[in-house]
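Topology and contacts: notes
What follows is the residue order along each chain.
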Amino acid sequence: MGVGVSMCKLAAATARAGGLGVVAAVGLGYDAADKSNDYLGANIRGLRYHLREAREHAEGGALGVNIMVALSDYGSYARAAAEEGVDVIFSGAGLPMTLPEFLPEGSKTKLVPIISSHRAATLLCKKWLAKYNRLPDGFVVEGPLAGGHLGFRPELLDDPDYQLEKLIPEVVEAVKIFEDKTGTKIPVVAAGGVFTGADIAKFFTLGAAGVQLGTRFVATEECDASDAFKQAYVDSKPEDVIIIKSPVGLPGRAIKSPFTHSVAQGERKPVRCPYKCIVTCEAEESDYCIALALLNARVGNFDRGFAFAGANVHRVDKIITVQELIDSLLEEYREACQS
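These figures come from a predicted structure and were not determined experimentally.

**Some words on helix α11 (residues 322-338)**
With 17 residues, α11 extends 25 Å from end C-alpha to end C-alpha; this agrees with the ideal 24 Å at 1.5 Å per step. Close packing links the buried residues of α11 with α1 (8-16), α6 (197-205) and α7 (215-218).

**Points about the pattern of salt bridges**
This structure, assessed with the given rule, holds 11 salt bridges. Residue Arg153 pairs with Glu155 through a salt bridge whose shortest N-O separation is 2.7 Å. Between Lys166 and Glu170 there is a salt bridge; the shortest N-O distance is 2.6 Å. Pair noted here: Lys166 and Glu170 are both in helix α5 (residues 164-182), with a separation of 4 residues, about one helical turn. By relative accessible area, which is 34% here, Lys166 ends up partly exposed. Among the charged side chains, a salt-bridge network with shared partners connects Arg48, Arg52, Glu83 and Glu84.

**Focus on empty space enclosed by the protein**
The method is simple in principle: a probe with the dimensions of a water molecule rolls over the atoms, and the space it marks as empty is what remains. Under the criterion given, the structure shown has 2 cavities of 30 Å³ or more. For the second largest cavity, the calculated volume is near 50 Å³. Among the elements of the structure, α2 (39-57) and α10 (290-298) are those that each provide at least two residues to the lining of the second largest cavity.

**Focus on the packing of aromatic side chains**
Scanning all chains against the criterion turns up 8 aromatic pairs. Ring geometry for Phe259 and Tyr288: centres 5.4 Å apart, planes at 85°, overall edge-to-face. With Phe259 in helix α9 (residues 258-264) and Tyr288 in the loop between α9 and α10, the pair connects residues that are 29 residues apart, well separated along the chain. Classification of Phe259 as buried rests on a relative accessible area of 5%. You can call Tyr288 buried: its relative accessible area is 7%. Judged by centre distance (5.4 Å) and plane angle (70°), the ring pair of Phe306 and Phe308 falls under edge-to-face. Its relative accessible area of 1% is what places Phe306 among the buried residues. Linked through ring pairs, Phe259, Tyr288, Phe306 and Phe308 together constitute an aromatic cluster. Against the face of Phe195 rests Arg216, its NZ or CZ located 4.3 Å from the ring centre.

**Structural notes on the pairing of strand β3 (residues 88-91)**
Residues Val88 and Phe90 point to one face of β3 and Ile89 and Ser91 to the other, with burial holding for every one of them. The pairing of strand β2 (residues 63-66) with β3 spans 3 bridges and is classified as parallel. Along β3, the bridge assignment pairs Val65 with Ile89. As judged from the 4 bridges shared by β3 and strand β4 (residues 110-115), these two strands associate in the parallel manner. Each bridged residue has a counterpart across the sheet, and for Ile89 the counterpart in β4 is Leu111.

**Considerations on the environment of Phe229**
Within the secondary structure layout, Phe229 lies in helix α8 (residues 227-235). Note: C-alpha distance between Phe229 and Ala307 (78 residues apart in sequence) is 7.1 Å. In this structure Phe229 touches Val5, Val218, Ala297, Arg298, Phe302 and Ala307, once residues within four positions along its chain are discounted.

**Quick notes on the sheet that holds strand β10 (residues 251-255)**
One open sheet holds the 3 strands; their spatial order is β6-β10-β9, and the pairing between them is antiparallel. Strands with a single pairing partner mark the edges of an open sheet, and in this sheet they are β6 (148-149) and β9 (241-245). Pairing of β6 with β10, which is carried by 2 bridges, proceeds in the antiparallel orientation. When the bridges of β10 are listed, Gly148 appears paired with Arg253.

**What about the sheet that holds β4?**
Reading across from one edge, β1-β2-β3-β4-β5-β7-β8 is the order of the 7 strands in this open sheet, with parallel pairing throughout. Each having just a single partner strand, β1 (21-24) and β8 (210-212) make up the two edges of the open sheet. Averaged over all adjacent pairs, the angle separating strand axes in this sheet is 25°, with direction ignored. When β4 meets strand β5 (residues 139-142), the two strands line up parallel, connected through 2 bridges. The partner of Ile114 across the bridge, within β5, is Val140. Along the sheet, α5 contacts β4, β5 and β7 (188-191); its crossing angle with β7, the most-contacted strand, is approximately 165°.

**Examining the side chain of Arg298**
Structurally, Arg298 is set in helix α10. Setting aside chain neighbours within four positions, we find Arg298 in contact with Val3, Gly4, Val5, Met7, Tyr30, Asp224, Ala225, Ser226 and Phe229.

**Notes on the side chain of Arg253**
Looking at the element boundaries, Arg253 is found in strand β10. Within the structure, Arg253 has its side chain in polar contact with the backbone oxygen of Leu145 (distance 3.5 Å).

**Concerning the environment of Gln163**
If you trace the backbone, Gln163 turns up in the loop between β6 and α5. Linking Gln163 and Ile244, residues 81 residues apart in sequence, is a C-alpha distance of 19 Å. A distance of 2.9 Å separates the side chain of Gln163 from the backbone oxygen of Asp159, its partner in a polar contact.

What counts, and at which threshold
- Residues numbered from 1 in each chain as written.
- Predicted model: local features only at pLDDT ≥ 70, side-chain atom pairs only at ≥ 80, totals over all residues.
- Heavy atoms only, no water.
- Helix = DSSP H or I, 4+ residues; strand = E, 2+ residues; numbered from the N terminus.
- Expected span 1.5 Å × (residues − 1).
- Contact = heavy atoms within 4.5 Å.
- Salt bridge = Lys/Arg side-chain N within 4 Å of Asp/Glu carboxyl O.
- Buried < 20%, exposed > 50% of the residue type's maximum accessible area, 1.4 Å probe, protein only.
- 1 Å grid on protein atoms, 1.4 Å probe; cavity = no way out; pocket = protein on both sides within 12 Å on 5 of 7 lines; lining within 4 Å.
- Points joined across faces, edges and corners; volume = space filled by probe spheres on them.
- Phe/Tyr/Trp six-rings, centres within 6.5 Å; stacked < 30°, edge-to-face > 60°.
- Lys NZ or Arg CZ within 6 Å of the ring centre and 35° of its normal.
- Pairing = 2+ DSSP bridges.
- Axes fitted to C-alpha atoms, helices over the stretch in contact; angles between N-to-C directions.
- Polar contact = N/O pair within 3.5 Å; in protein donor to acceptor, adjacent residues only side chain to side chain.

See the structure below:
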């Protein structure tokens, strides 16, 4: 959802419809004139702009920001988001061990790490308690069916022991130890492959307190990406969804494109690293610049980029409004609960 897919328009629409709208922090300075000379400054300004715009149009709804731990100058993004009064900071692509350090004094921003195992939940709870005398305000548990960068080795993506249905109860059990110890509730949110209201009901029965959806919200009228990007979701088939090796050192789930084919054939080589936006990116050894690839895809240029998407993207058959999507999810959820 980063690099121009979930920005102020989608976040505000989701918040208005009763969800928690999330701005993806990465790449928000992509259209700034000085991005080449001041990449960090351009992105921080872009982040502040989109959070303010989202807040202005959210009609009092809740807003969050997703900040990758792997971002260069990660703390600057987290501090700026908290200063803007965002309701929640979600943070994954690495463990946000130092995230509490970046909250201004008196901040009410909630901190919710994105994890993929009960071991990560336990580690973060222990470290935050010991160093900051606080616990995470919740956890997003992202399973292997998610889109974009994944917290699993490729050989584990189809392993039954690592599916979301198994991960959620494990994390719920792990955090209960800390809940009982401190009297603090730590809600667990299921993410990665959640597609229908029936899925929501299923994960609630497994102990989840909420769900996170990405792929469904790309195929909405309010999504900030281009119509061509959204149409790639609608047109996709099961065989179009592939696992790629990202320059940031993680596997990623994407939709096939002419660009992914050329990379697989060894035809793409970067000339230089324009931004050094990700700490873990080994630009000199990479087959391409992921920032540029995602920016190109955002505007529908799949000869020079690709779209990240979840494993269920082939089930998307039309573009609807955010309100229509949430209404349909709620109706499906109620039906599942009554059956």
